[in-house]
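Summary of structural features
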Amino acid sequence: MSNAIAMTMAPPHSESATRLDLPATDESTTTTATATEEHGTCPPPTQTTIPPNILSSPIETNKQITKGVLRAKLSKRRHLVLPRVISPSYLDELMPPIVTTLFEPQTVTYNGGVANIKNWKISCYLEVMEGGIPCTNPHGGLKNHCWELLETCNDLFARWYRQQHACNDRNTSTYKTDENDNPIVSRIMTFMTRYTPAPDENALLKHVDGAGKVDGSVVLALPVDRWTASAEENSFEGHGGGLTFWDGRMQRNAESGKREVEEIKYDTRSGDLAFIDRAVWHQANPITRGTRWALVIFYKVER
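Residues numbered from 1 in each chain as written. Predicted model: local features only at pLDDT ≥ 70, side-chain atom pairs only at ≥ 80, totals over all residues. Heavy atoms only, no water.

Description of the overall build of the protein
Looking only at helices and strands, the protein has six helices and 13 strands in total. Per-residue burial over the protein gives 52% buried out of 303 residues. Of the accessible surface of the protein, which amounts to about 13,800 Å², a share of 50% is contributed by carbon and sulfur atoms. (Helix = DSSP H or I, 4+ residues; strand = E, 2+ residues; numbered from the N terminus. Buried < 20%, exposed > 50% of the residue type's maximum accessible area, 1.4 Å probe, protein only. Areas by Shrake-Rupley, 256 points an atom, 1.4 Å probe, with all protein chains shown as cover.)

Given below as structure tokens:
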């Protein structure tokens, strides 16, 4: 679900997918990329508060993060996936210009590949790392269109990170804070991905974000495209999708007898948000029909 180097591990213990109902950079040095045209870079608007229509329920979201982190820590998990944090109605209003005009996938070539795919060509980069990694021409127009959403994700990630790292050792819990005692975070790479059933476009298999060199990330499930074709044609319902994590307690594999990290699957839908700590293994599961959209942000926590 995010661009990063993928590594092979022994098959872990498997669990059935978790349906979320109401109460996820490569390390290579090659960064060549092409895009269809130069993109606008006019400055985005200044935002000081989250617009009220973006979150499904601001009060419920805070409760979900608090309770979710507690449950995750009890299970020794360093990720959290929450349902409908971002309002599906808001995303339905945001998506039409994206799928009809703004989304322009950029081809990025990596040494070693992204999850074994050398030429990654299904993502459009809104923000890139210093030095133009993984490409030198991020899409300013798409960034401006999504600005309120990006700033909202910053706030949510900071809240989650603060609780996830509370009471940890000093090396991981000491960071600069804002006036609300939340960590000061910054986006270091942001991209939008459109998965299709085509080879090398249907999934992003097992990987860690940013080759483990980012402090954390978020993955937001976006709506099924109902604007360039019918929802029935573009839906991947019943044909894969969602996220898988390898995280948490060690469990014994019934077949091999080996102790392996727990495998957790989530059947994500529009507005579902995944918070991922540094170097947590995960993947965007393959689809066999339709299209699947996701927004991914890599974060740095200021120290």
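Here we look at the pattern of salt bridges
Pairing between side chains of opposite charge can happen when the charged atoms of each approach one another. A full pass over the atoms with the stated rule returns ten salt bridges. Across the pair aspartate 92 and arginine 226 runs a salt bridge, and its minimum N-O distance is 3.2 Å. On the criterion of sequence distance, the pair formed by aspartate 92 in helix 2 (residues 88–102) and arginine 226 in the loop between strand 8 (216–221) and helix 6 (231–234) is long-range, its members being 134 residues apart. A salt bridge links arginine 187 to glutamate 127; the shortest N-O distance between them is 2.7 Å. Of the two residues, arginine 187 is situated in strand 6 (residues 185–195) and glutamate 127 in strand 5 (residues 117–127); the sequence distance between them amounts to 60 residues. Relative accessible area serves as the criterion here: at 14%, arginine 187 is assigned to the buried category. Judged by relative accessible area, which is 11%, glutamate 127 ranks as buried. (Salt bridge = Lys/Arg side-chain N within 4 Å of Asp/Glu carboxyl O.)

A few points about unusual backbone geometry
With an omega of 5 degrees, the peptide bond running from isoleucine 133 to proline 134 counts as cis. On the secondary structure map, proline 134 appears in the loop between strand 5 and helix 3 (140–145). If you check the backbone angles, aspartate 181 has positive phi at about 65 degrees while not being a glycine. Secondary-structure assignment places aspartate 181 in the loop between helix 5 (170–173) and strand 6. According to the relative accessible area criterion, aspartate 181 is partly exposed, its value standing at 45%. The phi dihedral of alanine 279 is positive, around 60 degrees, even though this residue is not glycine. Along the chain, alanine 279 falls in the loop between strand 11 (273–277) and strand 12 (281–284). Take alanine 279: its relative accessible area is 31%, and that puts it in the partly exposed class.

Considering the nonpolar core
The biggest cluster of nonpolar side chains holds 41 residues, and the ones touching the most others in it are Ile86, Ile98, Leu149, Phe157, Met192 and Phe275. Looking at this core, the element that brings in the most residues is helix 4 (residues 147–164), giving eight residues. For isoleucine 86, the residues in contact, after removing those within four places along its chain, are Ile54, Leu55, Ser56, Leu91, Leu149, Thr152, Leu156, Leu220 and Gly271. (Core = buried A, V, L, I, M, F, W, Y, C linked by side-chain atoms within 4.5 Å. Contact = heavy atoms within 4.5 Å.)

Considering the packing of aromatic side chains
In this structure the tally under the stated criterion is ten aromatic pairs. Plain terms: the ring middles of phenylalanine 157 and tryptophan 160 are 5.6 Å apart, the flat faces sit at 45 degrees to each other, and that makes the pair tilted. Of this pair, phenylalanine 157 and tryptophan 160 both sit in helix 4, three residues apart, which is roughly one turn of the helix. Summarising the burial analysis for this pair, phenylalanine 157 and tryptophan 160 share the class buried. Plain terms: the ring middles of phenylalanine 157 and tyrosine 299 are 4.2 Å apart, the flat faces sit at 10 degrees to each other, and that makes the pair stacked. Taken together, the positions of phenylalanine 157 in helix 4 and tyrosine 299 in strand 13 (residues 292–301) put the pair 142 residues apart, joining distant regions of the chain. (Phe/Tyr/Trp six-rings, centres within 6.5 Å; stacked < 30°, edge-to-face > 60°.)

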